[in-house]
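Letter by letter, the chains look like this.
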Amino acid sequence: MSPLEYFRVALVSLYQNKVRSLLTMLGVIIGVMSVILLVSFGEGAQAYVEKQFTEMGSNLLLVTPGKQETSGMFPIIAGSHRPLTYADAREVKRRAVGITDISPMVMGAGKVRQHDRVRDTLVIGAIEAMQHVRNIHPRMGRFIEDADVDSNKRVAVLGMTVMRELFGNSNPLNQTISINNSRHVVVGVLEPKGMTLGIDMDDMVIVPLTSAQYMFFGGEDRLFELAVQCRSDNDIEIAMASVREILIQRHDYTEDFTITDQTSMLSTFNAIFDALKIMLAGIASISLLVGGIGIMNIMLVSVRERTREVGIRKAVGARRADIGMQFLIESITLSCVGGGIGILLGFGGTAFLRYLYPYFPVAASSWSIIMAFGFSTFVGVFFGVYPAMKAAAVDPVEALRYE
C-alpha cells in the first residue's frame, strides 16, 4: 500500500467511529490549546513588563542613597552617611561620560486640596529634564522648568486623575491648590499614562525639586533618587563607571550609594518569565500525555474489534508491516487532527483575551504552535506503536475464527 492509501484507510476507519474518534482526540485538543494559551500568556506578561520599563524611560541608571550589595532588582533604600544631593546631580551631568541627561527626584506623600476637595496622592519634586528622561510629558500647559527650580517657584503639574478629582471638567490651569498646606499654581496637566509597574502615573503631582525639598526635608538638599539617561545600550557600562567614580569622589571616597541599571532589572524579570513559560508549557503538556494514553487505549480496543478484518487482510496478502503501519497512521492521524483543532482553538483563545484586555499584548507565538503540534505528533507515534505491533502480531488463522 502507498502512504496515501494508508492515510485514506485511516480516515475511513476514524470516520466510521466519529464520536469515539472525537472523544479520543479531546485530550490532545485540550493539551495543544493549553500549551498555546499558557505560553502566549507568559509571553504577553513579559512583553507587558518590557513595555512598562520602556515607558519609564530607556537606557537608565538609577542611583539611590545607601549601599546595597544585591543587584538586578529595585534597590532597597538604606541610610547612608551622606545623602545624594542636587549638587551631586549637577556634577554628574557636567562630568560624566556616555550620558545625555539626568533627572534628580524627591518623592513623598501629599494632601492636595482645592477648595473643599481633598485628595491624598504622590508628590514628586523634579526638574525640567524629567520629562525627557522619564518619558513624562504635559497634555495641557507646560512642565516644570529649570527657572522654577532655581527660583523655588510654587507651581505644580497634575496627573490626569488628580486633575479630574479636584477640578472635574473645569480648566485647572492657573488655578491655586494647596499641597501639604503650601499654595501652588497649576501650570500643566500630564498625559494619561495609567499603571506602570504598580504605580499609577496619573495619580500624582509634580512640583519643582526645590519646592519638594522644602516640603519634605525642610529645605535640606537631599534626593530620593537620581535617574541618569545613557546615550545608548553600549554606553551603559561606561556611564555607570563614570557616575560611580564622580560620586565616590564627592562622598569622601566612600561608595555609600547604589547604582542599578535598567538592563539588569529587565534581565532579571526576563529570566523569571522564561522559567514561568517553561513551567506553564510543562503543565499544559500533561494534558497531551493524558490524551496520548487515551489514544493508545482506544487503538487497543480498535485492534480487538477489528481482529477479523486483520485476519482477512493477512489472508489476501497483507504483510505484518502493512497492518502495523495502518494502525500507526490511524493513531498519528488522531493526534494530528486533534493538534490542528487545538491550534485553531488556541488562536481563538488568544484573540478573545486580546478583546477582553486590549492593553495586554497576548498573541499565539510561532514557536509555541510548532512545539505543541510537534509534541502532539510525537504522542501519536509513541502511543500508537504498541497497538500497531499488537495488530501486526495477530495470527490470521485465529483472527478468521474470531467472532
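Throughout this description, residue numbers start from 1 for each chain and increase along the sequence as written. Confidence filtering applies because this is a predicted model: local features only for residues at pLDDT of at least 70, side-chain atom pairs given and counted only at 80 or more, and all residues used for totals across whole chains, interfaces and linings. Side-chain descriptors were evaluated using all non-hydrogen atoms of the structure, hydrogens and water having been removed beforehand.

**Section: the confidence of the model for the chain**
Low pLDDT marks regions whose predicted coordinates should not be analysed in detail.
Argument step 1. The predictor rates its confidence in each residue with pLDDT, a number between 0 and 100. Summary statistics for the chain give a mean pLDDT of 81 and a share of 85% for residues scoring 70 or more.
Argument step 2. Contacts for the low-pLDDT stretch residues 73–80, under 50 throughout, to residues beyond four places or in other chains number 22 contacts. Contacts are assigned to residue pairs with any non-hydrogen atoms lying within 4.5 Å of each other.

**Examining the pattern of salt bridges**
Argument step 1. Salt bridges are defined by distance alone: a side-chain nitrogen of Lys or Arg within 4 Å of a carboxyl oxygen of Asp or Glu. Within this structure, the stated rule accounts for 13 salt bridges.
Argument step 2. For R142, the salt bridge goes to E145, with nearest N and O atoms at 4.0 Å.
Argument step 3. Close ionic contact of R231 with D235 constitutes a salt bridge, the shortest N to O distance being 3.5 Å.
Argument step 4. You can call R231 exposed: its relative accessible area is 51%.
Argument step 5. Salt bridges sharing common partners tie together E91, R94 and R95. Relative accessibility thresholds used throughout: buried, under 20% of the residue-type maximum; exposed, over 50%; partly exposed, between the two (1.4 Å probe, protein chains only).

**Quick notes on a nonpolar patch on the surface**
Argument step 1. In this analysis, a patch consists of residues with relative accessible area above 30% that form no salt bridge, clustered at 9 Å for like charges and at 5 Å for the nonpolar side chains Val, Leu, Ile, Met, Phe, Trp and Tyr. Exposure was quantified through the Shrake-Rupley algorithm and a 1.4 Å probe, taking into account, for residues, occlusion by the shown protein chains and nothing else. The grouping of F352, Y355, L356, Y357 and Y359 at the surface amounts to a nonpolar patch, some 620 Å² of accessible area in total.
Argument step 2. Assessed through its relative accessible area of 66%, Y355 is described here as exposed.

**Description of the nonpolar core**
Argument step 1. Core analysis: the largest hydrophobic core is formed by 56 residues, its most contacted members being V63, V92, I206 and V228.
Argument step 2. Ranked by residues supplied to this core, first place goes to helix 8 (residues 236–250) with 6 residues.
Argument step 3. In this structure, V63 is in contact with L84, E225, L226, V228, V243, L247, F257, T258 and I259, ignoring residues within four places of it in sequence.
Argument step 4. Remark: nonpolar core denotes a set of buried residues (Ala, Val, Leu, Ile, Met, Phe, Trp, Tyr, Cys) joined through side-chain atoms within 4.5 Å. Formed by 23 residues, the second largest nonpolar core is a distinct cluster that contains M299, I323, L334 and I369. In this text, helices come from DSSP runs of H or I with a minimum length of four residues, and strands from runs of E with a minimum of two, each type numbered from the N-terminal end.

**Remarks on the packing of helix 3 (residues 86–95) against helix 8**
Argument step 1. Lines fitted to the C-alpha atoms define the axes, with helices restricted to the stretch that makes contact. Angles between their N-to-C directions range from 0 to 180 degrees. For the pair helix 3 and helix 8, the least separation of the axes is 10 Å and the interaxial angle reads 135 degrees. Classified by the angle their axes make, helix 3 and helix 8 are oblique. Crossing angle aside, the handedness with which helix 3 passes helix 8 is right-handed. Side by side, helix 3 and helix 8 meet where A87, D88, E91, V92 and R95 of the first sit next to S242, V243, I246, L247, Q249 and R250 of the second. Any angle that falls under 35 degrees is termed roughly parallel, while one over 145 is termed roughly antiparallel, one within 65 to 115 roughly perpendicular, and all others oblique. Throughout, a crossing is termed right-handed when the near helix is turned clockwise from the far one, and left-handed when it is turned anticlockwise from it by less than a right angle.

**A look at empty space enclosed by the protein**
Argument step 1. Only protein atoms enter the calculation, which uses a 1 Å grid: trapped sets of points that fit a 1.4 Å probe without letting it out are cavities, open sets showing protein on both sides within 12 Å along at least five of seven lines are pockets, and any residue with an atom within 4 Å of a point is a lining residue. Grid points are joined across faces, edges and corners, and a volume is the space filled by probe spheres set on the points. For the structure shown, the criterion picks out 2 cavities of 30 Å³ or more.
Argument step 2. There is about 80 Å³ of room inside the largest cavity.
Argument step 3. For the lining of the largest cavity, the elements supplying multiple residues, two or more each, are helix 1 (3–16), helix 2 (18–55), helix 9 (262–305) and helix 11 (320–356).
Argument step 4. Side-chain classes follow a simple rule in which Ala, Val, Leu, Ile, Met, Phe, Trp, Tyr, Cys and Pro form the nonpolar group, Asp, Glu, Lys and Arg form the charged group, and the remainder, Gly included, forms the polar group. Split into classes, the residues belonging to the lining of the largest cavity amount to 4 nonpolar, 5 polar and 3 charged.

**Remarks on the pairing of strand 3 (residues 117–126)**
Argument step 1. Each pair of strands is called paired provided DSSP finds at least two bridges between the two strands. Direction of pairing for strand 2 (residues 99–114) relative to strand 3: antiparallel, over a ladder of 9 bridges. Looking across to strand 3, one finds that G110 is bridged to T121.
Argument step 2. The hairpin turn running from strand 2 into strand 3, its antiparallel successor, is 2 residues long, and H115 in that turn takes a positive phi close to 60 degrees.
Argument step 3. The sheet contact formed by strand 3 and strand 10 (residues 204–208) spans 5 bridges and is parallel. What sits directly across from G125, in strand 10, is V207.

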